[in-house]
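Topology and contacts: notes
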Amino acid sequence: MAERGTTGPTGPLLRAYLLASHTVPLFAPSLLRRRLRRGKEDADRWQEKLGKPTQPRPDGPVIWLHAVGLGEVLALRGLIAEMGAQRPDVTFLVTSTARSSAQVMGANLPPRTLHQFLPLDAPRYLARFLDHWRPSLSVWAEQELWPGAMVAARARGIPLALINARLTEESHAKRSRLRGLYADMLSRFAHISAQDQATADRLASLGARGVEFGGSLKPAAPPLGVDTAELERLRACLAGRKVWVAASTHPADERAALAAAQALPDRLLVLVPRDIGRTDSIAAELSATGLDHLRRSAGGLPQPQTQVWLADSYGELGLWYRLADAGLIGGSFDATNGHNPWEAAALDVAILHGQKVSNFAADYAALAQAQAARQIAPAELARALQDPDLAALAPRARKLTEHARGSLAPLARKLLSLGV
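Counting restarts for each chain, with residues numbered from 1 along the sequence as it is written. In keeping with the model being predicted, local features are shown solely for residues with a pLDDT of at least 70 and side-chain atom pairs are shown and tallied solely at 80 or more, while totals for entire chains, interfaces and linings include all residues. As a rule here, side-chain values come from all non-hydrogen atoms in the structure, and water together with hydrogens is ignored.

1. As for unusual backbone geometry
The phi torsion at Arg134 lies on the positive side, around 45°, for a residue other than glycine. One can find Arg134 in the loop between helix H6 (123-133) and strand S4 (137-141). With a relative accessible area of 49%, Arg134 lands in the partly exposed category. Look at Ser248: it is not a glycine, yet its phi comes out positive at around 55°. Helix and strand definitions here come from DSSP, where helices need a minimum of 4 consecutive H or I residues and strands a minimum of 2 consecutive E residues; each element is numbered from the N-terminal end. Along the chain, Ser248 turns up in strand S8 (residues 243-249). For every residue, the accessible area obtained with a 1.4 Å probe (protein chains only) is divided by the maximum for its type, and the residue is called buried under 20%, exposed over 50%, and partly exposed between those limits. By relative accessible area, which is 15% here, Ser248 ends up buried.

Here is the structure:
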């Protein structure tokens, strides 16, 4: 058995994967061009997925951090800030795969931080990427692992770390069928830390050794960024009016939110769907209910009679939370099983949510223990928004985020000690 954190073993599953990865360039460019025509890739940056950089490499050490999507990428910001404070000479390169993560991350980049899309997992593309960026450390977050990238990094002597790992029972069952592949990958990590003990145990069953329990990074993320001029403009427009947010919503959340908006016509609901591709159908539903509404993309400002502002835009959740005093966190009234509450907590928003939060069970349990969020049924939403005791939730939640940020120093030191 190879020493933990070295180049690691290469069993039959990993060898087969690496062999197959040589065929990716045969079809990848045409596939990406088709996605580009359908608006699913960034026209200026899609070739980053072929390993072609769109920014110069800065001088000095570079730490490369990867997370798959928007929430995971944003959760890295607190850790990046702490590592940057400990090592002012380091630049951070964040990679992701989802287009939305790039759009929002651009407005929320910490100092000395760049963003690129992760190359497809093929030797040719990874070599271009690593030749250009020459990272001193590669940090992987949550649960997305790409075998080719890890093998290529370790072959160059780049240490690997897996942080903020989260593995559900369902995901673990799927990965267990390929235990040999995951054991080979996990053996290459010099450090592994998990959000919860259940994840640590599941990773150990896949072959990981020495997994540490580090908690979630999401509570430690700094507040989302905002266009300050736009914030002041909207605050002036909405002066004297109560504003609440329904964030990252799905159909079940929207039904509850629109019913509450009808019951509270003097308040402005900012409705922020999880998928803005659904906004046409949501606008049609708003028209059918008779609610006076405005689409963000249409321009203009809410009038006193406007009941719902449909936020069909990316990257403005930091704006909406700063305008609101309360928020319904979507995904908790159906099988979605919850979304991240900490972005609201960091911006003094009183958190309301449904009972289905298994994707963030530990997070909502911590909020409940601190009496910093309130679980409600859909029919209770309007009444909860009018409860004068609701205002006490926000400062308790913010205190949890401040404590979490203060606990990042040991993890930052550990990662920097791996070879930066």
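2. A short note on the pairing of strand S1 (residues 62-66)
Most of S1 sits inside the fold, with 5 of its 5 residues counted as buried. The alternating pattern of S1 places Val62, Trp64 and His66 on one face and Ile63 and Leu65 on the opposite face, and all of these are buried. Where S1 lies against strand S2 (residues 91-96), 5 bridges are found, and the strand directions are parallel. Across the sheet, residue Trp64 finds its bridge partner in S2, namely Leu93. Criterion used throughout: strands pair if DSSP finds at least two bridges between them. Bridge count between S1 and S4: 4 bridges; the pairing is parallel. Bridging across to S4, Leu65 finds its partner in Val139.

3. Here we look at the packing of helix H4 (residues 77-86) against helix H19 (residues 409-416)
Between H4 and H19, the shortest axis-to-axis distance is 9 Å and the interhelical angle comes to 65°. Every pair of crossing elements has a handedness; the one defined by H4 and H19 is right-handed. Contact residues: H4 offers Leu79, Glu82, Met83 and Gln86, while H19 offers Ala409, Leu411, Ala412, Arg413, Leu415 and Leu416. Three categories are distinguished: nonpolar for Ala, Val, Leu, Ile, Met, Phe, Trp, Tyr, Cys and Pro, charged for Asp, Glu, Lys and Arg, and polar for the others, with Gly belonging to the last. By residue class, the composition of the contact of H4 with H19 is 7 nonpolar, 1 polar and 2 charged. All axes are obtained by fitting lines to C-alpha atoms, using only the stretch in contact for helices, and the reported angles, taken between N-to-C directions, cover 0 to 180 degrees. Note on convention: the crossing is left-handed when the near helix lies turned anticlockwise from the far helix by less than a right angle, right-handed when the turn is clockwise. Contacts are residue-level and defined by heavy atoms, with any inter-residue pair within 4.5 Å sufficient.

4. Some remarks on the packing of aromatic side chains
Only the six-membered ring of Trp is used, alongside the rings of Phe and Tyr, when aromatic pairs are assigned; centres must lie within 6.5 Å, and planes under 30 degrees apart are stacked while those over 60 apart are edge-to-face, with the rest tilted. A complete count under the given rule lists 3 aromatic pairs for this structure. On the basis of an interplanar angle of 65° and a centroid distance of 5.0 Å, the ring pair of Trp309 and Trp320 is categorised as edge-to-face. A residue pair is termed long-range when its members are at least 10 positions apart, and Trp309 in strand S11 (residues 308-310) and Trp320 in helix H14 (residues 317-323) qualify at 11 residues. For Trp320, a relative accessible area of 1% corresponds to the buried category. Linked through ring pairs, Trp64, Phe129 and Trp140 together constitute an aromatic cluster.

5. Points about the sheet that holds strand S3 (residues 113-117)
Taken in spatial order, the 7 strands line up as S3-S2-S1-S4-S5-S6-S7 in an open sheet, and their pairing is parallel. Across the chains shown, the open sheet's two edge strands, defined by having one partner strand only, are S3 and strand S7 (212-213). As paired strands, S2 and S3 are joined by 5 bridges and run parallel to one another. Each residue of the ladder has a partner; that of Ser96, found in S3, is Phe117. Against the sheet, H4 makes contact with S1, S2, S3 and strand S5 (160-165), and its axis sits at roughly 160° relative to S2, the strand it touches most.

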